[in-house]
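Per-entry structural report
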Amino acid sequence: MPDKKTIRQEQKAKLKALSPLAKAEQEEQLYQKLFQQPAWLQAQTVAVTASLPFEVETTPIMEAAWQAGKTVGLAKVVDRELTFVKISADSALTAGESFGILEPENGQELKKSAIDLVLVPGLAFSDAGLRVGFGGGYYDRFLADYEGESISLALAEQRRVDWVPDNFDEVVGQVLGPGK
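Not measured: the values here are computed from a predicted model. (Residues numbered from 1 in each chain as written. Predicted model: local features only at pLDDT ≥ 70, side-chain atom pairs only at ≥ 80, totals over all residues. Heavy atoms only, no water.)

**Digging into the overall build of the chain**
- Regarding its fold elements, the chain presents five helices and ten strands.
- Computed over C-alpha atoms, the radius of gyration of the chain comes to 15 Å, within 12% of the 16 Å expected from 2.2 N^0.38 for 180 residues, which places it in the range of a compact globule.
- Principal-axis analysis of the C-alpha atoms places the extent of the chain at approximately 40 × 35 × 30 Å.
- The burial tally for the chain puts 48% of its 180 residues in the buried class.
- Across the chain, every contact between residues at least 6 apart in sequence was considered, and the portion connecting residues at least 24 apart equals 72%.
- When the accessible area of the chain is evaluated, it comes to approximately 9,300 Å², of which 50% is carbon and sulfur surface.
- Here the chain contributes 19 positive and 26 negative side-chain charges, whose respective centroids are spaced 3 Å apart. (Helix = DSSP H or I, 4+ residues; strand = E, 2+ residues; numbered from the N terminus. Rg over C-alpha atoms; globule rule 2.2 N^0.38 Å. Buried < 20%, exposed > 50% of the residue type's maximum accessible area, 1.4 Å probe, protein only. Contact = heavy atoms within 4.5 Å. Areas by Shrake-Rupley, 256 points an atom, 1.4 Å probe, with all protein chains shown as cover. Lys, Arg positive; Asp, Glu negative; His and termini not counted. Charge placed at Lys NZ, Arg CZ, Asp CG, Glu CD.)

In structure tokens form, the structure reads like this:
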């Protein structure tokens, strides 16, 4: 079985090679599935990460949350720990130090207990909720004592089962994929 470093490289290449049209079609299916989930419908506060170009685009998710009157928390790394900061459509964002992902420049940090649903990014996902992330362990540490709902949106190209999880890997509550 390939190690996680190899899987990360393979997944990034696979996702970057995906045509914009094929990606957009899958994203639309994923959004529709997400917006029908009880965890989404019941959530008052949703936590997301600003997406990289090859990931499922998270801007439409934030916009839908605001339209539904939900509070949106955007991921920010502070002292190697993942936090979520309450944002609005006009919040100032800047490239973070960890992966160059956009983060809020400032704002109110949300308590973990106030977050009803966290959307967990990653490069590869199994049906059982295992994931290969970007290698920082940020979400594994966050999820270790998080008691709310967690969902990952996985493009077809992100579905894999060929790795051995580490003992610190945390499981995502639900992995949604495109299609029926």
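**Brief notes about the pairing of strand β2 (residues 71–78)**
- The pairing of strand β1 (residues 45–48) with β2 spans four bridges and is classified as parallel. Within the sheet, the bridge partner assigned to Thr45 lies in β2 and is Thr71.
- Pairing between β2 and strand β3 (residues 81–87): seven bridges, direction antiparallel. Each bridged residue has a counterpart across the sheet, and for Val72 the counterpart in β3 is Ile87.
- Between β2 and β3, which follow one another and run antiparallel, lie two residues, and Asp79 among them has a positive phi close to 55°. (Pairing = 2+ DSSP bridges.)

**A word on the side chain of Ser51**
- For Ser51, the position within the fold is in the loop between β1 and α4 (59–67).
- Among the polar contacts made by the side chain of Ser51, one reaches the main-chain amide nitrogen of Thr58 at a distance of 3.1 Å.
- When neighbours within four sequence positions are excluded, Ser51 is seen to be in contact with Val56, Glu57 and Thr58. (Polar contact = N/O pair within 3.5 Å; in protein donor to acceptor, adjacent residues only side chain to side chain.)

**Observations regarding unusual backbone geometry**
- Residues other than glycine seldom take positive phi values, yet Asp79 does so here, at roughly 55°.
- Given a relative accessible area of 72%, Asp79 falls into the exposed group.
- Unlike most non-glycine residues, Arg80 shows phi in positive territory, near 65°.
- Along the chain, the position of Arg80 falls in the loop between β2 and β3.

Spatial relationships are all this shows, so hold off on functional conclusions.
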